[in-house]
Amino acid sequence: LFCKFVTGELATDVVAESDSSFAFRDINPQAPTHVLVVPRNHYANVAELAAASASETAGVFQLAAEVAKREGIADSGYRMVANTGPAAGQTVFHTHIHVLGGVSMSWPA
Ligand code: AMP
């Protein structure tokens, strides 16, 4: 599914793009800002991404930081989450980082 957003085959609400990464709004937002950042290339989860490519891993985090700036949450603070595997509740197996902000959060939920 997320591969089709990256190629433009399916439309989505794009927030930011770089050579290696792509950011779009989550369809079921859990915070005022809820953006997903994905590498353009397909990896099932962050462990696969990290094992395959240091530069693409960095690219995801760099675009997430850019998203936070554009959304105006860089200074107030935000959370990044990468659900990995069934026990974490990962439902889409094209790795993605959730960028959540615009609300005051407690930890862990
Ligand atoms: P998870 O795999 O649990 O980390 O989360 C997958 C996320 O993808 C959820 O927050 C969903 O709301 C989101 N999602 C699923 N389908 C779409 C879609 N078509 N467009 C945008 N976000 C989606």
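Please refer to the structure placed before this passage.
Conventions we followed
Residues numbered from 1 in each chain as written. Predicted model: local features only at pLDDT ≥ 70, side-chain atom pairs only at ≥ 80, totals over all residues. Heavy atoms only, no water. Helix = DSSP H or I, 4+ residues; strand = E, 2+ residues; numbered from the N terminus. Expected span 1.5 Å × (residues − 1). Buried < 20%, exposed > 50% of the residue type's maximum accessible area, 1.4 Å probe, protein only. Near = heavy atom within 4 Å. Polar contact = N/O pair within 3.5 Å; in protein donor to acceptor, adjacent residues only side chain to side chain. Areas by Shrake-Rupley, 256 points an atom, 1.4 Å probe, with all protein chains shown as cover. Nonpolar A, V, L, I, M, F, W, Y, C, P; charged D, E, K, R; others polar. Pairing = 2+ DSSP bridges. Axes fitted to C-alpha atoms, helices over the stretch in contact; angles between N-to-C directions. Contact = heavy atoms within 4.5 Å.

Novice: For this particular structure, what's the right way to read helix 3 (residues 54-70)?
Specialist: Along an α-helix, residues three or four positions apart point the same way, because every turn accommodates 3.6 residues. The end-to-end C-alpha distance of helix 3 is 25 Å, a good match for the 24 Å that 17 residues give at a rise of 1.5 Å each. Considered for burial, the residues of helix 3 that qualify are Glu56, Thr57, Gly59, Val60, Leu63, Ala64, Val67 and Ala68.

Novice: What exactly am I supposed to notice about the site of the ligand here?
Specialist: By nearness alone, 16 residues border the ligand, and Asp26, Gly89, Thr91, His96 and His98 come closest of all. In the model, an oxygen atom of the ligand is placed 2.8 Å from a nitrogen or oxygen of the glycine 89 main chain. Within the contact set of the ligand, an oxygen atom lies 2.7 Å away from a backbone nitrogen or oxygen of threonine 91. Look at the ligand: alone it shows 500 Å² of surface, and the protein chains cover 82% of it. Mapped onto the shell around the ligand, the elements with two or more residues apiece are helix 1 (2-7) and strand 2 (21-25). Within the shell around the ligand, the residues separate by chemical class into 7 nonpolar, 7 polar and 2 charged.

Novice: Hey, could you run me through the sheet that holds strand 1 (residues 14-17) in this one?
Specialist: Hydrogen bonds between backbone atoms are what pair the strands of a sheet, whose relative direction is either parallel or antiparallel. One open sheet holds the 5 strands; their spatial order is 1-2-3-5-4, and the pairing between them is antiparallel. Bordering the open sheet on either side are strand 1 and strand 4 (78-81), each of which pairs with just one other strand. Averaged over all pairs of adjacent strands, the angle between their axes in this sheet comes to 20 degrees, without regard to strand direction. Relative to strand 5 (residues 97-101), strand 3 (residues 33-39) runs antiparallel, the two being bridged by 5 bridges. Residue pairing across strands places valine 37 opposite isoleucine 97, the latter belonging to strand 5. Packed on one face of the sheet, helix 3 meets strand 1, strand 2, strand 3, strand 4 and strand 5 and runs near 155 degrees to strand 3.

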